[in-house]
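# Residue-level structural notes
Here is how the chains run, residue by residue.
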Amino acid sequence: MKLSARNQFAGTVSKVNEGAVNGIVTIDVNGTPVSATISMAAIKELGLEPGKKAYAVIKATEVMVGLGEHLTLSARNQFPGTVVSVEKGAVNSIVKLSVLGGNTMSATISNAAVEELGLAEGVKALAVVKATSVMVGID
């Protein structure tokens with residue numbers, strides 16, 4: 001299966017917190033936990049349990065970028081890293097950050113945000129993703 005989502009990170013399920021309707025699945029990606037809030041039906045259908053290989057999938061449009069090591073936010077996923085490239089378009093830019101043990105995470109953000117944050121190659125930045133924006137896949 002091929003997906004259009006730019007961010008696809010292989011890892012291993014480390015934890016599953018079950019709820020009545022939704023659960024939180026934590027995937028270890030190179031030593032970094034990635035949390036995904038998905039339905040209990042999906043957890044059961046995918047057979048997600050600790051030790052199972054899985055992918056955290058995140059659309060670039062769902063990635064926010066900030067400055068600092070950690071921000072006080074409700075978003076569960078905060079990945080400190082370094083900007084490796086900025087590709088400017090007419091309105092938006094694709095910002096690529098080295099995070100998650102050397103993986104590259106892409107974020108689609110406005111050119112205005114790129115300028116306001118001073119994002120450029122080598123700048124330390126933080127990729128932020130809500131757990132509800134993380135999809136989970138298996139082979």
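Our subject is the structure listed above.
Our subject in this report is the structure included herewith. The structure presented is a predicted model; accordingly, all values stated were derived computationally and were not measured.

In this structure the tally under the stated criterion is two salt bridges. When the shortest N-O distance is used, the salt bridge between Glu18 and Lys44 registers 3.3 Å. Separated by 26 residues along the polypeptide, Glu18 in strand β1 (residues 7-18) and Lys44 in helix α1 (residues 40-46) bring together distant segments of the chain. Across the pair Lys88 and Glu115 runs a salt bridge, and its minimum N-O distance is 3.4 Å.

Moving on, we come to the side chain of Ser93. Mapped onto the secondary structure, Ser93 falls in strand β7 (residues 92-99). One polar contact links Ser93 to Asn111, side chain to side chain, over a distance of 2.4 Å. Ser93 has contacts with Val86, Glu87, Lys88, Ala107, Thr108, Ile109, Ser110, Asn111 and Val114, leaving out every residue within four places of it along the chain.

So, on to the sheet that holds strand β5 (residues 64-66). Spatially, the five strands line up as an open sheet ordered β5-β9-β6-β7-β8, and their pairing is antiparallel. The sheet terminates laterally at β5 and β8 (103-110), the two strands that pair on one side only. Taking the axes of each pair of neighbouring strands and ignoring which way they run, one obtains an average angle of 45° across the sheet. As paired strands, β5 and strand β9 (residues 124-129) are joined by three bridges and run antiparallel to one another. Bridge assignment links Val65 to a residue of β9, and that residue is Ala127.

Definitions and cut-offs
Residues numbered from 1 in each chain as written. Predicted model: local features only at pLDDT ≥ 70, side-chain atom pairs only at ≥ 80, totals over all residues. Heavy atoms only, no water. Salt bridge = Lys/Arg side-chain N within 4 Å of Asp/Glu carboxyl O. Helix = DSSP H or I, 4+ residues; strand = E, 2+ residues; numbered from the N terminus. Polar contact = N/O pair within 3.5 Å; in protein donor to acceptor, adjacent residues only side chain to side chain. Contact = heavy atoms within 4.5 Å. Pairing = 2+ DSSP bridges. Axes fitted to C-alpha atoms, helices over the stretch in contact; angles between N-to-C directions.

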